Amino acid sequence: MRVAVTGLGLIGGSAALALAEAGHEVVGHDPDPAVRAAAAARFPVTADPAGLFDADVAVVGAPVKHLASVAAALTGFRGLVTDTASVKADAARAFAAHDRFVGGHPMAGKETAGFASAEAGLFRGRVWVLCLEADTDLDDWLLLARLWTSIGARVVPVRADDHDAAAARISHLEHLVAAALVLVADDPLSRTLAAGSFRDGTRVAGSSTTLFAGMVQGNRAMLEDALDELGEELGTAHQYVVEYQQDPDRIAEWFDRARAKRAAWPPEPGEAERVPLTREALLDLGAAGGWVEAVESEVAIGRRPRVQSTP
């Protein structure tokens with residue numbers, strides 16, 4: 001396929017590199033001349049968004065807050081449009097005027113941003129969400145599923161609202177918690193003593209502030225719900241710590257429930273299965289935590305997570 005990628009930061013740049021490596025014809029665009037110059041050493045680029053219009057697919061690698069302006073710049077593009085933003089309901093609203101739009105979100109990244117951090121293998125073996133709504137053209141969805149599985153991604157079919165609720169819990173909330181942990185430990189002795197658990201627990205606090213603000217802006221309602229749930233869990237833990245002398249087992253049991261769930265993650269892939277190319281079958285696969293690894297002429301090859309015993 002001929003694929004246009006606009007927005008050549010970490011995600012867009014990595015997608016362009018991966019697609020070019022997989023044999024697709026790629027043309028890139030970025031508003032920053034320095035980024036275009038760096039990318040031009042790896043694949044063709046254009047300074048004019050109109051230079052993207054003869055592509056089959058346009059991949060938008062812009063942050064959530066810039067999606068509306070990119071959508072306006074793509075007015076007149078007749079191909080299939082998809083994005084990589086972490087909030088899917090907002091993305092759907094931004095591209096509502098485009099006849100062919102399918103929201104996407106690769107669950108991969110780094111704490112460093114920009115084209116200099118991009119790498120072709122970033123999405124290999126990683127989840128790539130593709131939104132499948134009641135009005136999504138199934139052929140368009142399957143075209144993108146073939147595109148992203150061609151670079152080694154695992155495509156998960158979900159509805160936008162379900163994605164946003166999950167992303168609030170497993171990504172957006174983590175950025176808030178990481179920032180809070182850094183601020184709580186902001187004294188010289190704590191920072192000197194900090195080691196692996198602090199490093200791992202605060203990694204995403206080094207992410208782009210623009211990226212983080214876009215998460216809050218675009219997914220605020222879902223993030224509020226996730227914060228409420230986190231507050232309930234921390235409130236329970238606080239109560240058990242206060243009451244430790246009277247009942248020391250409660251905080252241990254609370255932690256052990258979390259330890260067992262963490263030990264069972266990430267899920268192990270089950271046996272490959274043939275999934276009918278219908279909206280219902282694909283959404284059922286996604287709701288079960290399953291993913292598509294390949295799309296054939298009549299079926300998708302998918303896997304569901306294997307049920308693991310509690311350690």
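Here's a quick rundown of the structure. For clarity, every value in this text was computed on a predicted model and none was experimentally measured.

What counts and what doesn't
- Residues numbered from 1 in each chain as written.
- Predicted model: local features only at pLDDT ≥ 70, side-chain atom pairs only at ≥ 80, totals over all residues.
- Heavy atoms only, no water.
- Pairing = 2+ DSSP bridges.
- Helix = DSSP H or I, 4+ residues; strand = E, 2+ residues; numbered from the N terminus.
- Contact = heavy atoms within 4.5 Å.
- Axes fitted to C-alpha atoms, helices over the stretch in contact; angles between N-to-C directions.
- Parallel < 35°, antiparallel > 145°, perpendicular 65-115°, else oblique.
- Left-handed = near helix turned anticlockwise from the far one by under 90°.
- Nonpolar A, V, L, I, M, F, W, Y, C, P; charged D, E, K, R; others polar.
- Buried < 20%, exposed > 50% of the residue type's maximum accessible area, 1.4 Å probe, protein only.
- Core = buried A, V, L, I, M, F, W, Y, C linked by side-chain atoms within 4.5 Å.
- Salt bridge = Lys/Arg side-chain N within 4 Å of Asp/Glu carboxyl O.
- Patch = residues over 30% accessible without salt bridge, like charges linked within 9 Å, V, L, I, M, F, W, Y side chains within 5 Å.
- Areas by Shrake-Rupley, 256 points an atom, 1.4 Å probe, with all protein chains shown as cover.
- Lys, Arg positive; Asp, Glu negative; His and termini not counted.
- Charge placed at Lys NZ, Arg CZ, Asp CG, Glu CD.
- Right-handed = clockwise from strand over helix to strand, strands pointing away.

### So, the sheet that holds strand β4 (residues 80-83)
Then, number 1: Ordered by their spatial adjacency, five strands build an open sheet running β2-β1-β3-β4-β5, and the pairing between neighbours is parallel. Only two strands of the sheet have a single neighbouring strand rather than two, namely β2 (25-29) and β5 (101-102).
Then, number 2: Contacts between helix α1 (residues 10-21) and the sheet are confined to β1 (2-6) and β2, with β1 contributing the most and set at about 165 degrees to the helix.

### What to know about the packing of helix α10 (residues 220-242) against helix α11 (residues 249-263)
Then, number 1: One way to put it is that α10 packs onto α11 with a least axis distance of 8 Å and a crossing angle of 150 degrees. When the axes of α10 and α11 are compared, the pair comes out roughly antiparallel. Regarding α10 and α11, the two cross each other, and that crossing is left-handed. On the side of α10, the interface is formed by Glu 233, Thr 236, Ala 237, Gln 239, Tyr 240 and Val 241, while α11 contributes Arg 250, Ile 251 and Trp 254.
Then, number 2: Looking at the contact of α10 with α11 residue by residue, the classes come out as five nonpolar, two polar and two charged.

### Here's the deal with helix α12 (residues 279-287)
Then, number 1: For α12, every residue scored as buried is listed here: Ala 281, Leu 282, Leu 283, Leu 285 and Gly 286.
Then, number 2: Positive backbone phi, approximately 85 degrees, marks Gly 289, located one or two places after α12.

### Concerning the nonpolar core
Then, number 1: Within the largest apolar cluster, 46 residues are counted, with the highest numbers of intra-cluster contacts made by Leu 130, Trp 141, Trp 148 and Leu 282.
Then, number 2: Of all elements in the fold, only β1, α1, α2 (33-39), β3 (57-60), β7 (127-131), α5 (138-149), α12 and β10 (291-295) reach the threshold of two or more residues within this core.
Then, number 3: Not counting residues up to four positions away in its chain, the partners in contact with Trp 148 are Ala 15, Leu 19, Val 59, Thr 82, Trp 128, Leu 130, Ala 153 and Val 155.

### What to know about the pattern of salt bridges
Then, number 1: Following the criterion strictly, the structure yields 16 salt bridges and no others.
Then, number 2: Arg 124 is the salt-bridge partner of Glu 21, the closest N and O atoms lying 3.1 Å from each other. Of this pair, Glu 21 sits in helix α1 while Arg 124 sits in the loop between β6 (104-106) and β7, and the two are 103 residues apart along the sequence.
Then, number 3: Using a relative accessible area of 55% as the deciding quantity, one classes Glu 21 as exposed.

### Details of a negative patch on the surface
Then, number 1: On the surface, a cluster of negative charge is made up of Asp 225, Asp 228, Glu 232 and Glu 233.
Then, number 2: If you trace the backbone, Glu 233 turns up in helix α10.

### Observations regarding the environment of Arg 78
Then, number 1: In this fold, Arg 78 is placed in the loop between α3 (67-73) and β4.
Then, number 2: Note: C-alpha distance between Arg 78 and Gly 28 (50 residues apart in sequence) is 17 Å.

### Details of the pairing of β4
Then, number 1: Side-chain alternation along β4 places Leu 80 and Thr 82 on one buried face and Val 81 and Asp 83 on a second face that is also buried.
Then, number 2: Looking at chain direction, β3 and β4 are connected through four bridges and run parallel. Across the sheet, residue Val 60 finds its bridge partner in β4, namely Asp 83.
Then, number 3: In this view, the connection linking β3 to its parallel neighbour β4 by way of α3 has right-handed handedness.
Then, number 4: The pairing of β4 with β5 spans two bridges and is parallel.

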